Amino acid sequence: MTVESTAARTPRRSSTSGGKRASAKKAAPKRGTEPELVQLLTPEGKRVKNAQYDEYVAGITADDLRGLYRDMVLTRRFDAEATSLQRQGELGLWASLLGQEAAQIGSGRATRDDDYVFPTYREHGVAWCRGVDPTNLLGMFRGVNNGGWDPNTNNFHLYTIVIGSQTLHATGYAMGVAKDGADSAVIAYFGDGASSQGDVAEAFTFSAVYNAPVVFFCQNNQWAISEPTEKQTRVPLYQRAQGYGFPGVRVDGNDVLAVLAVTKWALERARTGEGPALIEAFTYRMGAHTTSDDPSKYRNDDERVAWEAKDPILRLKAYLESEGHADEGFFAELEAESEALGKRVREVVRAMPDPDLMAIFENAYADGHALVDEERAQFAAYQASFADEGGK
């Protein structure tokens, strides 16, 4: 089963000369063709066979399936709670993962403890899989710390705001892993918009030349903020890997089983010295890019409604029910657990201590600087003025 690629849409006509228009038209992808898409679970929750990837989920049990469902439900609840907290003024900003739960949980559960993960700023589900307390993700968005967790505790790097730079960090780390002789792998997450960044191209080049054990996981959620994928590339994103000399695979990003299988495949080949691979998880961002964004300005409701029919959580729920792997008791317990998580998130965030306002001036210069000292004194006086006004 395939999903239509936004890259296969007819490109808009250029405003240049007729000759250039003809040349661009000739280079466009053939209409009616659809990229291959790995899928093990249809949007209706029906299991389909795949000769290449079935073996990677052959041993999955009913408990495992319920665990994947639980991961997605709790991650979505955490994400919804964080969005609400931002709307209430408790967070400065939030980047929602709504709709991308299967891509993150499937890939996150495919990693081993000794693998290393380099996220962007939206990988809340992957953080969950790596054992990072979800409340630790909120400190940066509340402005009370610069990260909130020790990357080496869970082999999960701090969130990266600079678009695409983490792919180079992951490649360098993977090259070091290879030199150390370890059999672990590295996985780097990025979005479809980041695929246009030079850092990503450089990471692809270095990883291929040095045969680095790294998996590039691109969550193609169709919109790089307000730009559609068709303005990022003229071919499906996974095909870019061919130009660098390593394989690329497009997987149904709303199918947690398929994502799990494909990511296991890619990580295993990386660990055994076969080098990098690119996974394009074809999914959809249901919400806004961040809470400062208004998606209604650049996309229509029909598109969102069509993707809601492919909801990753409802898809797995339908499969669990049809196979008799989950009953009402399971879903009720999970709902109670979800409510408890939401309550804990609210309590922890509101109890976070304010940061030291003067810490911003520390470590700017190793030996201090007169201008910094002057600015520190001015800022201290400014803060003190509020206290003086409050005392009157």
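Now for a quick tour of the structure. Source: prediction; values computed, not measured.

## Brief notes about the sheet that holds strand S7 (residues 277-282)
Here 5 strands make up an open sheet; going across it, the order is S1-S2-S3-S7-S6 and the pairing parallel. Two strands lie at the open edges of the sheet, namely strand S1 (116-118) and strand S6 (248-252), each paired on one side alone. When the angles between neighbouring strand axes are averaged without regard to direction, this sheet yields 20 degrees. Bridge count for S1 against strand S2 (residues 186-191) is 3 bridges, and the pairing is parallel.

## Section: the packing of aromatic side chains
Taken as a whole and judged by the stated rule, the model has 27 aromatic pairs. On the numbers, 6.1 Å between centres and 50 degrees between planes, the contact of Tyr69 with Phe330 is tilted. Note that Tyr69 is positioned in helix H2 (residues 62-87) and Phe330 in helix H12 (residues 328-351), a separation of 261 residues in sequence. Comparing Tyr69 with Phe330, the two get one shared label, buried. A ring pair is formed by Tyr382 and Phe386, whose centres lie 4.9 Å apart and whose planes are at 85 degrees; its orientation type is edge-to-face.

## Observations concerning the packing of H2 against H12
Taken N-terminus to C-terminus, the directions of H2 and H12 make an angle of 35 degrees; their axes are 9 Å apart at the nearest point. Between H2 and H12 lies a crossing whose hand is right-handed. Listed contacts from H12 to Arg66, Tyr69, Arg70, Val73, Leu74, Arg77, Phe78, Glu81 and Leu85 of H2 are Phe330, Phe331, Leu334, Glu337, Ser338, Glu339, Leu341, Gly342, Val345, Arg346, Val349 and Arg350. Along the lines of polarity and charge, the residues of the contact of H2 with H12 split into 11 nonpolar, 2 polar and 8 charged.

## Concerning the nonpolar core
Formed by 68 residues in total, the largest nonpolar core has its most connected members in Tyr69, Leu138 and Leu316. Apart from residues lying up to four places away in sequence, Tyr69 is in contact with Ile313, Leu316, Lys317, Leu320, Phe330, Phe331 and Leu334. By size, the runner-up hydrophobic cluster in this structure holds 21 residues, among which are Ala170, Val177, Cys218 and Leu278.

## Here's the deal with the pattern of salt bridges
Applying the stated criterion across every chain, the model contains 23 salt bridges. Among the salt bridges present, the one from Arg77 reaches Glu81, with a minimum N-O distance of 3.2 Å. Of the two residues, Arg77 and Glu81 both sit in helix H2, 4 residues apart, roughly one turn of that helix. Of the two residues, Arg77 and Glu81, both sit in the buried class. With a shortest N-O distance of 2.9 Å, Glu339 and Arg77 are connected by a salt bridge. On the criterion of sequence distance, the pair formed by Glu339 in helix H12 and Arg77 in helix H2 is long-range, its members being 262 residues apart. Arg77 sits in the buried class, given a relative accessible area of 17%. Each of Arg70, Asp71, Arg109 and Glu337 takes part in one network of salt bridges that share partners.

## Side note on the environment of Leu97
Its location among the elements puts Leu97 in the loop between H2 and helix H3 (101-108). Those residues within four positions of Leu97 in sequence are excluded, and the remaining contacts are Thr75, Asp79, Gln104, Arg122, His124 and Gly125.

What counts, and where the lines are drawn
- Residues numbered from 1 in each chain as written.
- Predicted model: local features only at pLDDT ≥ 70, side-chain atom pairs only at ≥ 80, totals over all residues.
- Heavy atoms only, no water.
- Pairing = 2+ DSSP bridges.
- Helix = DSSP H or I, 4+ residues; strand = E, 2+ residues; numbered from the N terminus.
- Axes fitted to C-alpha atoms, helices over the stretch in contact; angles between N-to-C directions.
- Phe/Tyr/Trp six-rings, centres within 6.5 Å; stacked < 30°, edge-to-face > 60°.
- Buried < 20%, exposed > 50% of the residue type's maximum accessible area, 1.4 Å probe, protein only.
- Left-handed = near helix turned anticlockwise from the far one by under 90°.
- Contact = heavy atoms within 4.5 Å.
- Nonpolar A, V, L, I, M, F, W, Y, C, P; charged D, E, K, R; others polar.
- Core = buried A, V, L, I, M, F, W, Y, C linked by side-chain atoms within 4.5 Å.
- Salt bridge = Lys/Arg side-chain N within 4 Å of Asp/Glu carboxyl O.

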